[in-house]
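Per-entry structural report
Each chain, written out:
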Amino acid sequence: MSKPQPPTPTNFIHDIVESDNASGKHGGRVATRFPPEPNGYLHIGHAKSICLNFGTAAKYGGTCNLRFDDTNPVTEDVEYVESIQADIHWLGFDWQDRLYFASDYFDRLHDFAVKLIQLGKAYVCHLSPDEIREYRGTLQKPGKESPYRNRSVAENLDLFRQMREGKLDENACVLRAKIDMNSPNVVMRDPVIYRIKKASHHRTGNKWCIYPMYDFAHCLSDSIERITHSICTLEFENNRPLYDWILDELKVESHPQQIEFARLNLSRTVMSKRKLMQLVNDKLVSGWDDPRMPTLAGLRRRGMTPAAIRTFCERIGVAKKRDTLVDVAVLEDCVREDLNRFALRIMAVLRPLRVVLTNYPEGQVDEFETENNPEDPAAGLRKLPFSKVLYIEEDDFREDPPADFFRLAPGREVRLKQAYFIKCNEVVKDASGKIVELRCTYDPETKGGDAKDGRKVKATLHWVSAAHAVETDVRLYDHLFTKENPGAEEEGVSFKDALNPESLTTLRLCRLESSVRAAKPGTHYQFLRHGYFFVDPVDSTPGKPVFNRVVTLRDTYAKAERARR
RNA sequence: UACCCGGUGGUGUAAUCGGUAACACAGAAGAUUUUGGUUCUUCUAUUCCAGGUUCGAGUCCUGGCCGGGUAACCA
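Residues numbered from 1 in each chain as written. Chains lettered and ligands numbered in written order. Predicted model: local features only at pLDDT ≥ 70, side-chain atom pairs only at ≥ 80, totals over all residues. Heavy atoms only, no water.

1. Let's talk about the overall build of chain A
Our working rule: Secondary structure counts use DSSP, requiring at least four H or I residues in a row for a helix and at least two E residues in a row for a strand, with both numbered from the N terminus. Computation of the radius of gyration draws on C-alpha atoms alone. For the globule rule, the value is 2.2 Å times the number of residues to the power 0.38. Note on exposure labels: buried denotes an accessible area under 20% of the residue type's maximum, exposed denotes more than 50%, and partly exposed covers the range between, all computed with a 1.4 Å probe on protein chains only. Charge counting follows a simple rule: Lys and Arg are positive, Asp and Glu are negative, and His as well as the terminal groups are ignored. Just so you know, the charge point we use is NZ for Lys, CZ for Arg, CG for Asp and CD for Glu.
Assigned secondary structure in chain A consists of 13 helices and 25 strands. Computed over C-alpha atoms, the radius of gyration of chain A comes to 31 Å, more than 25% over the 24 Å expected from 2.2 N^0.38 for 565 residues, which places it beyond the range of a compact globule. With respect to the principal axes defined by its C-alpha atoms, chain A has extents near 100 × 55 × 45 Å. Classification of the 565 residues of chain A by burial places 51% in the buried group. Across chain A, the 83 positively charged side chains and the 83 negatively charged ones have centroids separated by 1 Å.

Shown next, in the form of structure tokens:
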């Protein structure tokens, strides 16, 4: 149980924090933030960022704020503000009373913009969007200065006021920072910092018709919150000089350090908001919480645990190497490791094959005790009813077994877990030749599953008494995509072409042991020899739990069989 | 090719003044097992290249090579 813990995983960001702490750069203070834009659902890539930000703060006795980066009212919505908070809490992190919104700072942000104008470092530009792009130049060619670049401070102040008061139309003009049109970094070629958007904001309503751009709002929000380490993904690398420029020009007291890391890519799924949105809109999945989705809502509905996701985020590490692909098997291993500890074991026959014990007395019912979790004796025992007609797994019988198959076959003896040894004597088929029933005998001398004469069997099967079984639906989930990296762009090929047609298999009329009749939605079980399953919180009804497969058990036999083919 | 970033087993990471290249997953073999699960043991496999400094280089220096990011009034 108590394996020696691996050394606390470290990463280059922790190195930076430790060297800052050693030099006293922030007075030993550590303050991070997780800054989602409320325009979509969180996915496992966000979980990496959440674990990094909250985890770093926790490791060094600091704080981590939740701040919504809600500077674009056109794409954002309260629906997401709520789902994001629920998802972070579910993952196991808490921002306590530090829930912030960039929109809370709109007044101050506006004042900073005014200050920048007064400093002669920002101007109102009437170039059209197309013209701005054209004037910006290209990656190789320098840009050229806007004809509006040298307006007086007074004129800029007046125009900016008119923008704010709604006197100017959208797209009529913008406020730009006055930096350097010849900068080798295009981000620094007089970036737009405020634009007119006559849109109602989910928090500030119609108070504003100008909204700050990310680059302007983000660094200043960090500064206002006295963030020490502003951790973000690699795509903001080129924006860092702008982040620093704004804070330097405005001479703010708090100047956080932006640090970029590589976002997560997981095999056999996609992570981009756009692609996930397509899956939902095209009805290729049932919604944002479809158990096959990499969204936190999907993973939760699937039955993945927060602890497993946290372990996963720890195991994959943090670095700056781009375009890496983490094998989804790592996630699956984390889930198995967590669930193995506490999931209660039950017998579930997914593809039932009827077995009649010809020598078992009609009407007799035996009761056997079995452990709820061999990993945890404290989980106790439960009773299983046993009778003349049973179901076993279709897969557990082969009429003509290969040499390494040691489950049931004609003339062969196996153990029914905790019950008896049984021997197959007769195979009953229907007109089409399909096996519909096995006629077997049981050995009363093996009650409990051990032979008094010491003879051994090579296999132990799970089983369910037909008369006592609960019939219900079980959904087997598999990877959404067959390709390792479906998100990798290839011309002429849509990521949707790689969708796995077998990502969902719904099994009806599965036979489960009677104890699950009372299974509560949101409970995890291990179906013996199958995998971990979760009682679906949405589709289950009283008396009829519906199960989602979280992940299969390792199956070395199936693997060997696959390798043979 | 303007600027920026990155290159360590199959994959993801670690190696903290330059000192035995390690951990996890994946893969292989075996032991245990009333789950072909778990657990345990063992194995396979790694520093982009070339020079230089050094007793010693994944790490430092020089020069290459390769890959990627960036030109929204998105974040």
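On we go from here.
2. Regarding the protein's contact with RNA strand B
We count it as follows: Each residue is tested against the molecule or strand, and it is near if at least one of its non-hydrogen atoms lies within 4 Å. As used in this structure description, the phrase polar contact means that two N or O atoms lie within 3.5 Å; if the pair is within protein, one of them must be able to donate a hydrogen and the other to accept it, and residues adjacent in sequence are counted only when both atoms belong to side chains. For this classification, the nonpolar set comprises Ala, Val, Leu, Ile, Met, Phe, Trp, Tyr, Cys and Pro, the charged set comprises Asp, Glu, Lys and Arg, and every other residue, Gly included, is treated as polar.
What surrounds RNA strand B is a group of 67 residues, the closest being Lys 321, Arg 407, Gly 448, Arg 529 and Arg 554. A share of 63% of the atoms of RNA strand B within 4 Å of the protein falls on sugar and phosphate groups. For RNA strand B, a phosphate oxygen lies 2.8 Å from a polar atom in the side chain of Arg 195. Residue Asn 340 places a side-chain N or O atom 3.3 Å away from a sugar or linking oxygen belonging to RNA strand B. Looking at the surface near RNA strand B, the elements that each hand over two or more residues are α5 (129-135), β6 (192-196), α11 (306-316), α12 (328-342) and α13 (556-564). Ranked by the residues each element gives to the surface near RNA strand B, the list is headed by α12, at four residues. Of the residues contributing to the surface near RNA strand B, the split by class is 24 nonpolar, 18 polar and 25 charged.

3. As for the pairing of strand β23 (residues 524-527)
Where we set the bar: At least two bridges found by DSSP between two strands are what make those strands a pair.
Because side chains alternate across β23, one face comprises the buried residues His 524 and Gln 526, and the other comprises Tyr 525 and Phe 527, equally buried. Alignment of strand β10 (residues 344-346) against β23, held across three bridges, turns out to be parallel. If you follow Ile 346 over to β23, its bridge partner there is Phe 527. Here β23 pairs with strand β24 (residues 531-535) via four bridges, running antiparallel. Considered in β24, the bridge of Tyr 525 is made with Phe 533. With antiparallel pairing between neighbouring strands as the criterion, β23 and β24 make up a hairpin whose turn holds three residues, including Arg 529 at a positive phi of roughly 65 degrees.

4. Focus: the nonpolar core
Where we set the bar: Among buried residues, the Ala, Val, Leu, Ile, Met, Phe, Trp, Tyr and Cys ones that are joined through side-chain atoms within 4.5 Å form a nonpolar core. Domains are outlined according to an automatic or database domain assignment.
Within the largest apolar cluster, 54 residues are counted, with the highest numbers of intra-cluster contacts made by Ile 44, Ile 88, Leu 279, Ile 309 and Phe 312. Mapping this core onto the domain boundaries places at least three of its residues in each of domain 1 (12-261) and domain 2 (273-345 + 472-564). Listed in part, the 36 residues of the second largest apolar core include Phe 106, Phe 160, Met 163 and Leu 250.

5. Comments concerning the confidence of the model for chain A
Inclusion rule: Values of pLDDT, which run from 0 to 100, indicate the predictor's confidence residue by residue. We call two residues contacting when some pair of their heavy atoms lies within 4.5 Å.
Per-residue confidence for chain A averages 96 on the pLDDT scale, and 99% of its residues sit at or above 70. Segment residues 1-6 is flagged for pLDDT under 50; beyond a separation of four residues in sequence, or across chains, it makes two contacts in the model. Interface confidence for the predicted complex, given as ipTM, is 0.96, next to a pTM of 0.96.

6. Observations concerning the sheet that holds strand β1 (residues 31-34)
Here is the rule: Comment: axis = line fitted to C-alpha atoms, over the contacting stretch for helices; angle = value between 0 and 180 degrees taken between N-to-C directions.
Spatially, the three strands line up as an open sheet ordered β1-β2-β3, and their pairing is parallel. Every interior strand has two partners, whereas the edge strands, β1 and β3 (99-101), have only one. For this sheet the average axis-to-axis angle between neighbouring strands, irrespective of direction, equals 35 degrees. As paired elements, β1 and strand β2 (residues 63-68) share four bridges and run parallel to each other. Looking at the pairing, Phe 34 lines up with Leu 66 of β2.

7. Here's the deal with the packing of aromatic side chains
Definition in use: Aromatic pairs are defined between Phe, Tyr and Trp rings, using the six-membered ring for Trp, whenever the two ring centres lie within 6.5 Å; interplanar angles under 30 degrees are classed as stacked, those over 60 as edge-to-face, and all others as tilted.
Under the definition given, this model contains 21 aromatic pairs. With a centroid separation of 5.6 Å and 85 degrees between ring planes, the pair formed by Tyr 41 and Tyr 80 is classed as edge-to-face. Taken as a pair, Tyr 41 in the loop between β1 and α2 (44-59) and Tyr 80 in helix α3 (residues 78-91) lie far apart in primary sequence, 39 residues in all. Aromatic pair Tyr 525 and Phe 547: ring centres 6.1 Å apart, planes at 70 degrees, arrangement edge-to-face. Of this pair, Tyr 525 sits in strand β23 while Phe 547 sits in strand β25 (residues 547-552); the two residues are 22 residues apart in sequence, bridging distant segments of the chain.

8. Comments concerning the sheet that holds β23
With mixed pairing, the seven strands of this open sheet are ordered in space as β10-β23-β24-β25-β21-β22-β11. The open sheet terminates on both sides in strands that have one partner only, identified here as β10 and β11 (348-349). As judged from the seven bridges shared by strand β21 (residues 470-477) and strand β22 (residues 504-512), these two strands associate in the antiparallel manner. Counted as the bridge partner of Tyr 477 is Leu 504 from β22. Most of the contacts of α12 go to β25, to which it runs at about 115 degrees, and overall it touches β10, β23, β24 and β25.

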